[in-house]
Amino acid sequence: GAVVSQHPSWVICKSGTSVKIECRSLDFQATTMFWYRQFPKQSLMLMATSNEGSKATYEQGVEKDKFLINHASLTLSTLTVTSAHPEDSSFYICSAQETSGRTSYEQFFGPGTRLTVL
Amino acid sequence: KQEVTQIPAALSVPEGENLVLNCSFTDSAIYNLQWFRQDPGKGLTSLLLIQSSQREQTSGRLNASLDKSSGRSTLYIAASQPGDSATYLCAAGGFKTIFGAGTRLFVKA
């Protein structure tokens, strides 16, 4: 199956700093990538939809100036948490949708990045 | 707006039991329905993907069904084992994929 990687797998940072998380599709091209956030013992909540070469679409309640998303190529999307605060501590998961001739719209998920803000 | 509900929220069964996890969704205009497993502190493991045109998928001891008209999917686990203990998430795939809150399963040895 298609493989999606995330880097880093975990990060600890001080309050007020910015953190960048990378999401890569390793063996396929992805026009669309998605970013999710998961708080402890809760489900995944969609944060934004990232389309290659265009601005991301953010879900209601997600601050676009705080969570900067860049999808500069068909295999890479980045999420930057700017001026991180302890309440941003969470598990961030990305997914990628293959852009081949398939019509399944299946998403392939990365392993997640655990962010802890002190 | 798609909403996905999973019942029960938690389940504890003795080893060897067959069990059913339920998932319902409000918008039947989906591309697919996917079941995942998530172990504590870990990412998602895809278990089964059912396309909107399909009725069910099977993998080993797992069987997932989909009834789009009623907005329901079930995950059947046969002969449960302690290693099946995890949280099971269903996700309705459309333009956006929306997740349910999950069912936390504990299989007692």
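You'll find the structure just up there.
Residues numbered from 1 in each chain as written. Chains lettered and ligands numbered in written order. Predicted model: local features only at pLDDT ≥ 70, side-chain atom pairs only at ≥ 80, totals over all residues. Heavy atoms only, no water.

Draft legend 1. Structural detail: the overall build of chain B. The helix and strand tally for chain B stands at 0 helices and 11 strands. Counting from the amino terminus, chain B carries its helices and strands in the arrangement β-β-β-β-β-β-β-β-β-β-β. At 13 Å, chain B has a C-alpha radius of gyration in line with the 13 Å of a compact globule built from 109 residues. A principal-axis box enclosing the C-alpha atoms of chain B has dimensions of 40 × 25 × 20 Å. (Helix = DSSP H or I, 4+ residues; strand = E, 2+ residues; numbered from the N terminus. Rg over C-alpha atoms; globule rule 2.2 N^0.38 Å.)

Draft legend 2. Region of the structure containing the sheet that holds strand 3 (residues 19-25) of chain A. Residue and element names in this part refer to chain A. With antiparallel pairing, 4 strands are arranged side by side in an open sheet as 1-3-8-7. The two strands at the open ends of the sheet, each matched to only one other strand, are strand 1 (4-7) and strand 7 (67-73). Strand-to-strand twist of the sheet, defined as the mean angle between neighbouring strand axes without regard to direction, takes the value 15 degrees. Two elements, strand 1 and strand 3, share 4 bridges in a ladder whose sense is antiparallel. Directly across from H7, in strand 3, lies its bridge partner E22. (Pairing = 2+ DSSP bridges. Axes fitted to C-alpha atoms, helices over the stretch in contact; angles between N-to-C directions.)

Draft legend 3. Representation of the pairing of strand 11 (residues 113-117) of chain A within the structure. All names here are of chain A. The alternating pattern of strand 11 places T113, L115 and V117 on a buried face and R114 and T116 on a face that is not buried. Relative to strand 11, strand 2 (residues 10-13) runs parallel, the two sharing 4 bridges. Across the sheet, W10 pairs through a bridge with R114, a residue of strand 11. Relative to strand 11, strand 9 (residues 90-98) runs antiparallel, the two sharing 3 bridges. Across the sheet, S90 pairs through a bridge with L115, a residue of strand 11. (Buried < 20%, exposed > 50% of the residue type's maximum accessible area, 1.4 Å probe, protein only.)

Draft legend 4. Quick peek at the packing of aromatic side chains. Taken as a whole and assessed by the stated rule, the structure comprises 7 aromatic pairs over all chains. Each ring, one from F109 of chain A and one from F99 of chain B, has its centre 5.6 Å from the other, and the planes form 80 degrees; the classification is edge-to-face. A residue pair is termed interchain when its members come from two chains, as with F109 of chain A in strand 10 (residues 107-109) and F99 of chain B in strand 10 (residues 97-99). Take F99 of chain B: its relative accessible area is 7%, and that puts it in the buried class. Residues F36 of chain B and F99 of chain B carry aromatic rings whose centres are separated by 5.6 Å and whose planes lie at 40 degrees to one another, so their mutual orientation is tilted. Remark: F99 of chain B occurs in strand 10 and F36 of chain B occurs in strand 4 (residues 32-38); sequence separation between them is 63 residues. The rings of Y36 and F109 of chain A together with F36 and F99 of chain B are connected pair by pair, giving a single aromatic cluster. (Phe/Tyr/Trp six-rings, centres within 6.5 Å; stacked < 30°, edge-to-face > 60°.)

Draft legend 5. Spatial organisation of the pattern of salt bridges. Residues and elements named next belong to chain A. The full count for this structure, using the stated rule, is 5 salt bridges over all chains. With its nearest N and O atoms 2.9 Å apart, the salt bridge here joins K66 to D88. With K66 in the loop between strand 6 (57-58) and strand 7 and D88 in the loop between strand 8 (76-81) and strand 9, this pair connects stretches of sequence that are 22 residues apart. Judged by relative accessible area, K66 falls into the buried class, the value being 11%. (Salt bridge = Lys/Arg side-chain N within 4 Å of Asp/Glu carboxyl O.)

Draft legend 6. Main features of the side chain of H71 of chain A. Residue and element names in this part refer to chain A. Its place among the elements puts H71 in strand 7. Only 3.2 Å separates the side chain of H71 from the backbone oxygen of A30, close enough to count as a polar contact. Residues in contact with H71, not counting those within four places in the same chain, are A30, T31, T32, M33, S50, N51, E52, G53, L76 and S77. (Polar contact = N/O pair within 3.5 Å; in protein donor to acceptor, adjacent residues only side chain to side chain. Contact = heavy atoms within 4.5 Å.)

Draft legend 7. Structural context of the state of the cysteines. Evaluated as defined, the whole model comprises 2 disulfides over all chains. Across a sulfur-sulfur distance of 2.0 Å, C23 of chain A and C94 of chain A are joined as a disulfide pair. With the S-S dihedral at roughly 80 degrees, the linkage between C23 of chain A and C94 of chain A falls on the right-handed side. Pair noted here: C23 of chain A is in strand 3 and C94 of chain A is in strand 9, with a separation of 71 residues, a long-range link. Just as C23 of chain A is buried, C94 of chain A falls in that class too. Each sulfur in the disulfide pair C23 of chain B and C90 of chain B lies 2.0 Å from the other. (Disulfide = S-S within 2.5 Å.)

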